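Structural description and commentary
The chain contents come next:
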Amino acid sequence: AQSVTQPDARVTVSEGASLQLRCKYSYSATPYLFWYVQYPRQGLQLLLKYYSGDPVVQGVNSFEAEFSKSNSSFHLQKASVHWSDSAVYFCALSMYYNQGKLIFGQGTKLSIKP
Amino acid sequence: DMKVTQMPRYLIKRMGENVLLECGQDMSHETMYWYRQDPGLGLQLIYISYDVDSNSEGDIPKGYRVSRKKREHFSLILDSAKTNQTSVYFCASSLAGNTGQLYFGEGSKLTVL
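Residues numbered from 1 in each chain as written. Chains lettered and ligands numbered in written order. Predicted model: local features only at pLDDT ≥ 70, side-chain atom pairs only at ≥ 80, totals over all residues. Heavy atoms only, no water.

**Concerning the interface of chain B and chain A**
Put simply, the rule reads: We call two residues contacting when some pair of their heavy atoms lies within 4.5 Å. Simply put, the buried area is the total loss of 1.4 Å probe accessible area from both parts when two parts are fitted together. By definition here, a salt bridge exists when the distance from a side-chain nitrogen of Lys or Arg to a carboxyl oxygen of Asp or Glu is within 4 Å. Helical segments are the DSSP runs of H or I of at least four residues, strand segments are the runs of E of at least two, and each set is numbered from the N terminus. Three categories are distinguished: nonpolar for Ala, Val, Leu, Ile, Met, Phe, Trp, Tyr, Cys and Pro, charged for Asp, Glu, Lys and Arg, and polar for the others, with Gly belonging to the last.
Opposite the 21 residues of chain B that make contact, chain A presents 20 residues. In this assembly, chain B packs against chain A so that about 1700 Å² is buried in total across both faces, 53% of it on carbon and sulfur atoms. Run the count over chain B and chain A and you get 0 salt bridges. Within the residue set of the side of chain B that touches chain A, elements represented by two or more residues are strand E4 (31–38) and strand E5 (42–51) of chain B. Within the side of chain B that touches chain A, the residues separate by chemical class into 10 nonpolar, 8 polar and 3 charged.

**Details of the state of the cysteines**
Residues and elements named next belong to chain B. In plain terms, the rule: By definition, disulfides here are pairs of cysteine sulfur atoms that lie within 2.5 Å. With a 1.4 Å probe rolled over the protein chains alone, any residue whose accessible area is under 20% of its type maximum counts as buried; one over 50% counts as exposed, and the rest are partly exposed.
Across all of its chains, the model carries 2 disulfides over all chains by this definition. Between Cys23 and Cys91 runs a disulfide, and the two sulfur atoms are separated by 1.9 Å. Disulfide Cys23 to Cys91: torsion about the S-S bond roughly -75°, handedness left-handed. With Cys23 in strand E3 (residues 19–25) and Cys91 in strand E9 (residues 87–94), this pair connects stretches of sequence that are 68 residues apart. For Cys91, a relative accessible area of 0% gives the class buried.

Below you can see the structure in the form of structure tokens.
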């Protein structure tokens with residue numbers, strides 16, 4: 001069965017430091033992959049998406065993610081975090097035939113230290 | 001304005017009472033969704049609607065039903081709510097055939113006592 005795993009429930013980094021949030025997926029073919037962000041008391045917002053092509057995709061607010069088929073991973077990265085990046089980040093997977101149904105990971109809560 | 005609106009945002013009910021959660025979108029999206037979010041579990045799909053009166057079960061439909069009589073409006077109904085249905089419920093919408101780019105509402109927090 002298809003699944004998404006975010007191994008880190010919580011991550012804390014200092015403001016200005018670099019960030020990597022990990023995402024591993026399980027799916028036999030190449031999936032469509034997404035990162036969503038949820039700010040406090042808000043719904044989820046799309047950060048970036050990968051469908052095919054260049055394995056490094058750029059998103060909003062200087063986030064990027066790298067797809068690796070060999071590692072079944074789609075890690076989210078940012079070179080320098082800001083306090084406003086504090087949020088919960090969700091990795092999600094969709095199969096092309098699945099008409100928009102998303103399978104979500106458990107989420108990673110990111111906290112930024114001043 | 002590209003918005004998904006959920007009502008009510010907060011709701012407290014007693015076990016056995018009926019619950020109606022409502023969702024509206026202004027983007028004329030064909031597809032709409034109901035998810036629930038529980039700590040440590042991410043989001044789980046309850047129902048998906050491909051258009052008016054074209055609804056399909058998601059991964060956890062038991063205990064829920066939905067209604068979509070207008071394209072812009074999608075309701076989630078809990079007949080005789082249970083305490084384990086305490087959760088945050090999210091509505092979302094997307095274009096038809098979309099491969100995962102969803103627009104989410106701000107959520108409805110339901111507490112069943």
